[in-house]
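# Results of the structural survey
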Amino acid sequence: MNIYVSNLGFGVQSEDLKKIFTPYGEVSSINIIMDKVTNRSRGFGFVDMPDQQSAENAMRELEGKMLDGRAIKMNEARPREQR
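Residues numbered from 1 in each chain as written. Predicted model: local features only at pLDDT ≥ 70, side-chain atom pairs only at ≥ 80, totals over all residues. Heavy atoms only, no water.

### Overview of the overall build of the protein chain
A count of helical and extended segments in the protein chain gives two helices and six strands. Ordered by position from the N terminus, the helices and strands of the protein chain form the series β-α-β-β-α-β-β-β. Its C-alpha atoms give the protein chain a radius of gyration of 12 Å, near enough to 12 Å, the size a compact globule of 83 residues would have. Based on the C-alpha atoms only, the size of the protein chain along its principal axes is roughly 35 × 35 × 20 Å. Counting over 83 residues, the protein chain shows a buried share of 34%. Partitioning the contacts of the protein chain with sequence separation of at least 6, the portion at a separation of at least 24 is 61%. Split by element, the accessible area of the protein chain, about 5,700 Å² in all, is 45% carbon and sulfur. Distance between charge centroids for the protein chain: 8 Å, based on 12 positive and 12 negative side chains. (Helix = DSSP H or I, 4+ residues; strand = E, 2+ residues; numbered from the N terminus. Rg over C-alpha atoms; globule rule 2.2 N^0.38 Å. Buried < 20%, exposed > 50% of the residue type's maximum accessible area, 1.4 Å probe, protein only. Contact = heavy atoms within 4.5 Å. Areas by Shrake-Rupley, 256 points an atom, 1.4 Å probe, with all protein chains shown as cover. Lys, Arg positive; Asp, Glu negative; His and termini not counted. Charge placed at Lys NZ, Arg CZ, Asp CG, Glu CD.)

### What about the sheet that holds strand S3 (residues 41-48)?
Spatially, S2-S3-S1-S6 is the arrangement adopted by the four strands of the open sheet, whose pairing is antiparallel. Lying at the two open borders of the sheet, with one neighbouring strand each, are strand S2 (29-34) and strand S6 (73-76). Sheet twist, expressed as the average angle between the axes of neighbouring strands with direction ignored, equals 20°. Looking at chain direction, strand S1 (residues 2-6) and S3 are connected through five bridges and run antiparallel. (Pairing = 2+ DSSP bridges. Axes fitted to C-alpha atoms, helices over the stretch in contact; angles between N-to-C directions.)

### Notes on the packing of aromatic side chains
In this structure the tally under the stated criterion is three aromatic pairs. Here the aromatic rings of Tyr4 and Phe46 are separated by 5.7 Å at their centres, their planes lie at 55°, and the arrangement is tilted. One end of the pair, Tyr4, is in strand S1; the other, Phe46, is in strand S3, with 42 residues separating them in the sequence. Overall, Phe46 belongs to the partly exposed group, its relative accessible area being 24%. A centroid spacing of 6.3 Å and a plane angle of 85° characterise the contact between Phe44 and Phe46, whose relative ring orientation is edge-to-face. Each member of the aromatic cluster is reached from another via a ring pair, and the members are Tyr4, Phe44 and Phe46. One cation-aromatic arrangement involves Arg40 over Phe10; the distance from NZ or CZ to the ring centre is 4.0 Å. Taking NZ or CZ as reference, Arg70 lies 5.2 Å from the ring centre of Phe10, over its face. (Phe/Tyr/Trp six-rings, centres within 6.5 Å; stacked < 30°, edge-to-face > 60°. Lys NZ or Arg CZ within 6 Å of the ring centre and 35° of its normal.)

Laid out in structure tokens, this is it:
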């Protein structure tokens, strides 16, 4: 399951997300979206967990958790729309 994680602080790194998601199951990839001009985080990213149940547990337990001074929000990522 691909999880959309928003309201990330600008200092949050992939390792930070991996640290909080790993206790709930295997994390296959993490992608924090960066601004192309400033090379700063845009405040959201994606965490991919291969096991559906583990991903749902992580979402339930981590919703609203404080990370870098912000309460993170998450839901299942939707497929990218064609432009």
